[in-house]
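Survey of secondary and tertiary structure
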Amino acid sequence: MLIPPVSIAIIGAGPAGLMAAQVLSEAGLQVDLFDAMPSVGRKFLLAGRGGLNLTHSEPYEAFVSRYGARQSNIAPLLQDFGADALRAWATELGVETFIGTSGRVFPKEMKAAPLLRSWLQRLRHPGMGGVPVRFHMRHRLVDWAPVAEGGGGDFRFQTPAGEVCVQANVAVLALGGASWPRLGSDGAWAPWLAKHGIDVAPLIPANCGFDVALTAARRTEQTEPHANEAAQPQEGGWSAYFRQRFAGQPLKSVAITVQGDDDAPAFYRRGEFVVTTTGVEGSLVYAASALLRDELAARGSATMLLDLLPAHTSTQVLSAVQAPRDGQSLANHLRRRLRLDGVKTALLHELLPRESLRDHDLLARAIKALPVILAAPRPIEEAISTAGGVRFEALDEALQIKRVPGVFCAGEMLDWEAPTGGYLLTACMASGVRAARGVLAMETKAA
Ligand SMILES: Cc1cc2nc3c(=O)[nH]c(=O)nc-3n(C[C@H](O)[C@H](O)[C@H](O)COP(=O)(O)OP(=O)(O)OC[C@H]3O[C@@H](n4cnc5c(N)ncnc54)[C@H](O)[C@@H]3O)c2cc1C
């Protein structure tokens, strides 16, 4: 089925696509917004479940540095629409924000749903001079053909009513990354774009958890199987005991160091994370994840050094470990002297060879820098976000695809990454603004 040509198609109704739609509809342009899912902003809503971290209040220089190798590409976008603009936008939608103790910015109610409701209301009723956005849900883009002359493209969608082909003179693609595909973004667009000669960096997990490599306890478990069990081939991961007892437990008030090439720490931060059935995940691990992921890709393994007691000096820990035990077990001794217990003590038993547990120096050193060897990042489907995507080199300053005039890209489908902290949503929305302004400039020129 061919539906009448639309002048501006936005494909993908996440934060990037919705922001592009807002800018264009308020400028008086008719926008048709397409999305595969039955409703908009599924990932945005999920992001609100643990407290919607909209942006960050740190100074601009620090903020922009979070985009690492891509900061020079993201900086111009933030100058148009940065953290302050994002907060002002939320306020305009009737949602007050506040700065948490960590400097992160949240809506007062912490949730995404009220903000999304108000946003949709605005898109449907843009006020004086605006044109309401037309929504086309359950439209999954399955292919597209760029139109060489005049720009834009023919977009083929699967819908409950069958296949639909939409011709659009101008389009903004805001199709998201490839994490949490059940919320709509599955990265299926990457090969279609590559097919048309558009440079796309492979999609890889960002802000992700990891599987641990074979631990000392697991090795022992496998070489000393239970009397009536055959020895298993060596598999990585936690021992059955540790996994069953401690998966799901948080490690609080710890610190992670990742060494750089020159042995100077490339990453050090205090925080917390969670033990999973196969490894580790959670905010502190996510913060180090880009470094660890790249290290794994380059070397096949990566190590994070875990400080179980960052508030204690190495000397304090050593003297506590060396103190007379008075017949106490090691576990009781560590609990009494250092308040080290539960999952923290279990990790020492899990990761250290038995000899090291008996050696005061080695044990004290391990409490301050316990090597946790990682085997692989968790699959992209489980990651908070995606690295890789359409390379900025394939786009002009307005985020228009150089090879395909009239087609713009925005959001997580672009090749950048950032840690959690509100940097993801900020750059997604900022790129939506930038692409929409590119479309506006084009339409103005044509008029
Ligand atoms: C658990 C979790 C918590 C998060 N918390 C935060 C947070 O607190 N702060 C923060 O800054 N970021 C957070 N993020 C990240 C943030 O939600 C994303 O970076 C952001 O939603 C990306 O916006 P986007 O518009 O680029 O893509 P998306 O939000 O993924 O939207 C893309 C849209 O495109 C549609 N689409 C995809 N493919 C097709 C197709 N073929 N045809 C039609 N439609 C298609 C999808 O259905 C989707 O609606 C979180 C992510 C997760 C998973």
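Structural data are supplied above this passage.
Overview of the structure.

What counts as what
Residues numbered from 1 in each chain as written. Predicted model: local features only at pLDDT ≥ 70, side-chain atom pairs only at ≥ 80, totals over all residues. Heavy atoms only, no water. Pairing = 2+ DSSP bridges. Helix = DSSP H or I, 4+ residues; strand = E, 2+ residues; numbered from the N terminus. Buried < 20%, exposed > 50% of the residue type's maximum accessible area, 1.4 Å probe, protein only. Polar contact = N/O pair within 3.5 Å; in protein donor to acceptor, adjacent residues only side chain to side chain. Contact = heavy atoms within 4.5 Å. Axes fitted to C-alpha atoms, helices over the stretch in contact; angles between N-to-C directions. Parallel < 35°, antiparallel > 145°, perpendicular 65-115°, else oblique. Left-handed = near helix turned anticlockwise from the far one by under 90°. Nonpolar A, V, L, I, M, F, W, Y, C, P; charged D, E, K, R; others polar.

Once that is clear, we can look at the sheet that holds strand E5 (residues 104–107). The antiparallel open sheet is built from three strands, whose spatial order is E3-E5-E4. Both edges of this open sheet fall to strand E3 (55–56) and strand E4 (97–99), since each of them pairs with a single strand only. With three bridges joining them, E4 and E5 adopt antiparallel strand pairing. What sits directly across from Phe98, in E5, is Phe106.

On to the side chain of Thr97. Here Thr97 shows up in strand E4. Accessibility expressed as a relative area gives 10% for Thr97, which makes it buried. One polar contact links Thr97 to Arg87, side chain to side chain, over a distance of 2.9 Å. Setting aside its immediate chain neighbours within four residues, Thr97 contacts Leu54, Arg87, Ala90, Val105, Phe106, Pro107 and Lys108.

Viewed as axis vectors pointing N to C, helix H11 (residues 314–322) and helix H12 (residues 330–338) meet at an angle of 135°, and their least axial separation amounts to 9 Å. The pairing of H11 with H12 is recorded here as oblique in orientation. Judged by the sense of rotation from one axis to the other, the crossing of H11 with H12 is right-handed. Along the contact surface, H11 presents Val317, Ala320 and Val321, while H12 presents His333, Leu334, Arg337 and Leu338. The residue inventory of the contact of H11 with H12, partitioned by class, reads five nonpolar, one polar and one charged.

Nothing here speaks to function; it is all geometry.
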